[in-house]
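Listed here are the chains, written in short residue letters.
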Amino acid sequence: MPSLLIVGGLTVDRFVDGSTAPGGSVLHAGQAAAAEGVAPTFVTVAGPEPEARAGLDRLRQIGQLVVQDAPTTTTYRHGEVDGRRVLLYETPSEPLRAETFDRIADPEVALLAPIAHEVPAPLVGEITARVRPRLTVLLIQGWLRRLSVGEPTHPVPLDALDESTWATFGATDVVVLSTEDLAESAEDPFAQAAEVRARLGPAPLLVLTLGTEGYLLDDPRADRVVATVPRRVVSGVPSVGAGDTFGAVLAIRLARGWEPAAAAAAASDGVIRMLESRR
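The text that follows walks through the structure, step by step, so that each part is easy to find. (Residues numbered from 1 in each chain as written. Predicted model: local features only at pLDDT ≥ 70, side-chain atom pairs only at ≥ 80, totals over all residues. Heavy atoms only, no water.)

## Here's the deal with the pattern of salt bridges
- Taken as a whole and judged by the stated rule, the model has 14 salt bridges.
- The salt bridge partner of Asp-218 is Arg-197, with a shortest N-O separation of 2.9 Å. Of the two residues, Asp-218 sits in strand S15 (residues 215-218) while Arg-197 sits in helix H5 (residues 189-200), which places them 21 residues apart along the sequence. The residues Asp-218 and Arg-197 share a single accessibility class, namely buried.
- A salt bridge links Arg-221 to Glu-259; its shortest N-O distance comes to 3.0 Å. You can see Arg-221 sitting in the loop between S15 and strand S16 (226-228) and its partner Glu-259 sitting in the loop between helix H6 (242-255) and helix H7 (260-276), a full 38 residues away along the chain.
- Accessibility expressed as a relative area gives 62% for Arg-221, which makes it exposed.
- On the basis of relative accessibility, which here comes to 48%, the residue Glu-259 falls in the partly exposed class.
- When salt bridges with common partners are traced through the structure, they connect Arg-14, Arg-77 and Glu-90 into a single cluster. (Salt bridge = Lys/Arg side-chain N within 4 Å of Asp/Glu carboxyl O. Helix = DSSP H or I, 4+ residues; strand = E, 2+ residues; numbered from the N terminus. Buried < 20%, exposed > 50% of the residue type's maximum accessible area, 1.4 Å probe, protein only.)

## Some details on the layout of surface pockets
- Taken as a whole, the second largest pocket holds about 280 Å³ of empty space.
- Listed by contribution, the elements that provide at least two residues to the lining of the second largest pocket are strand S3 (20-23), helix H1 (25-35), H6 and H7.
- Per-element accounting of the lining of the second largest pocket gives the leading share, five residues, to H1.
- Taken together, the residues of the lining of the second largest pocket break down into eight nonpolar, five polar and four charged. (1 Å grid on protein atoms, 1.4 Å probe; cavity = no way out; pocket = protein on both sides within 12 Å on 5 of 7 lines; lining within 4 Å. Points joined across faces, edges and corners; volume = space filled by probe spheres on them. Nonpolar A, V, L, I, M, F, W, Y, C, P; charged D, E, K, R; others polar.)

Set out below in structure tokens:
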């Protein structure tokens, strides 16, 4: 099994019914990795809240954990407006520090999945220089959010990210994002993928997920962008964590030597199984 490092955010999630639960990219991606038979190493930042402590306990049950302590954990309040998920950014945490990664054994694949400000873009290069993964996969939703405490999150225009951030993304192996992250861009997914590709440069494998409509796969080695629509659609259940699940399965299958098209299909199937488990 490939050794996997998952870096990202743990959250305290608050719901409209008053309930709370741990969440975040590390938890959802970790559960997907466990379903693939992989025990990851996690690096995250968290505070002392009971929900955060419960989330850390879950991560320890899945794999090895390195946690950077902070006064608070990133907290989101979940809601819905006109059938669309709305996240209210309630409490920030702290960014990870480069020295936190000094305790990490070199993994075959690193999955970096920030959900707020816990992985500043310049840290990506420092992480890969310290742990030297063979494959680096970025879930870039955390860099595409406008975050202000007490306000709903909003996608930022692609032009809002500076050239150095895009250069950082372009120097990795795989970039995954969702049409939800691109609400400020053109509505056509092919145009969105072309916009992102123009900024990334020619190197990374690019996957744009389309929710229940499938995904676009832009493999630089291929001569066309491929659209894939799933035969099964799971509706009526929360889709929280779908992108993290997709990214984790994709990273693991690529690390196992699967071709990108087959790895992306397996990632889509992994999301479907995860959603079906919530029925």
